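Below, each chain spelled out in residue letters.
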Amino acid sequence: MKKIEICSLRELEKSKIKVYENLLLIKINNQIFCIERYCTHAYGDLSEGIINEETKTVTCPIHFSTFDIKTGNPITKPAERPLKTYKVKIENNKVYVEV
């Protein structure tokens, strides 16, 4: 596994999402999740989707497939394949993702 520095923790305090190439970091409360950025159905950019903090889901802006941010599993169709999820580590106030 390779560890990539994505941003500082401070950057995620200003904005609840951070895009890094094909990765999407989402901060909900004090948890940071990392999923692949594009929907597995029609490749909609999930950074432009709807994030529901209560259910910890993201909804694609194209066909409205909803995914569990923690597991990547699709909750609603038309998406059937899960998103890739990535382990997030915090070290010295920096956010890293294992890819």
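Shown above is the structure to which this text applies.
Residues numbered from 1 in each chain as written. Predicted model: local features only at pLDDT ≥ 70, side-chain atom pairs only at ≥ 80, totals over all residues. Heavy atoms only, no water.

Enquirer: Is there a simple way to explain the pattern of salt bridges in this structure?
Expert: Pairing between side chains of opposite charge can happen when the charged atoms of each approach one another. Applying the stated criterion to the full structure yields 7 salt bridges. Salt-bridge contacts for Lys-3 lead to Glu-91; the nearest nitrogen and oxygen are separated by 2.9 Å. Taken as a pair, Lys-3 in strand S1 (residues 3-8) and Glu-91 in strand S8 (residues 85-91) lie far apart in primary sequence, 88 residues in all. In this structure Glu-91 comes out as partly exposed when scored by relative accessible area, which is 31%. (Salt bridge = Lys/Arg side-chain N within 4 Å of Asp/Glu carboxyl O. Helix = DSSP H or I, 4+ residues; strand = E, 2+ residues; numbered from the N terminus. Buried < 20%, exposed > 50% of the residue type's maximum accessible area, 1.4 Å probe, protein only.)

Enquirer: Explanation requested: the packing of aromatic side chains in the structure shown.
Expert: Two aromatic rings are characterised by how far apart their centres lie and by the angle between their planes. A complete count under the given rule lists 0 aromatic pairs for this structure. Lys-3 extends its terminal NZ or CZ atom over the ring of Tyr-96, reaching a point 4.9 Å from the ring centre. (Phe/Tyr/Trp six-rings, centres within 6.5 Å; stacked < 30°, edge-to-face > 60°. Lys NZ or Arg CZ within 6 Å of the ring centre and 35° of its normal.)

Enquirer: I tried to follow the sheet that holds S8 on my own but got confused; where do I start?
Expert: Strand pairing within a sheet occurs via backbone hydrogen bonds; the two strands may be parallel or antiparallel. One open sheet accounts for 6 strands, arranged S1-S9-S8-S4-S3-S2; its pairing is antiparallel. Of all strands in the sheet, those bounded by a partner on one side alone are S1 and strand S2 (17-20). Taking the axes of each pair of neighbouring strands and ignoring which way they run, one obtains an average angle of 30 degrees across the sheet. Here 5 bridges tie S8 to strand S9 (residues 94-98), and the two strands are oriented antiparallel to one another. Residue Ile-90 lies in a different strand from S9, and its bridge partner there is Val-95. (Pairing = 2+ DSSP bridges. Axes fitted to C-alpha atoms, helices over the stretch in contact; angles between N-to-C directions.)

Enquirer: Looking at this model, I keep getting lost on the sheet that holds strand S6 (residues 57-59). Mind explaining?
Expert: Overall, antiparallel pairing links the 3 strands, which are arranged S5-S6-S7 in an open sheet. Two strands bound the open sheet, and with one partner strand each, they are strand S5 (50-52) and strand S7 (66-68). For this sheet the average axis-to-axis angle between neighbouring strands, irrespective of direction, equals 20 degrees. Here 3 bridges tie S5 to S6, and the two strands are oriented antiparallel to one another. Bridging across to S6, Ile-50 finds its partner in Thr-59.

Enquirer: Sorry if this is basic, but what is going on with unusual backbone geometry here?
Expert: One can expect most non-glycine residues to show negative phi and most peptide bonds to be in trans. Residue Pro-78 is reached from Lys-77 by a cis peptide bond, and omega for that bond is 20 degrees. A positive phi is found at Lys-56, a non-glycine position, where the angle reads about 55 degrees. Its place among the elements puts Lys-56 in the loop between S5 and S6. Its relative accessible area of 19% is what places Lys-56 among the buried residues. Positioned with a positive phi, Asn-92 is a non-glycine residue whose angle comes to about 50 degrees. Along the chain, the position of Asn-92 falls in the loop between S8 and S9. The exposure class of Asn-92 is exposed, given its relative accessible area of 73%.

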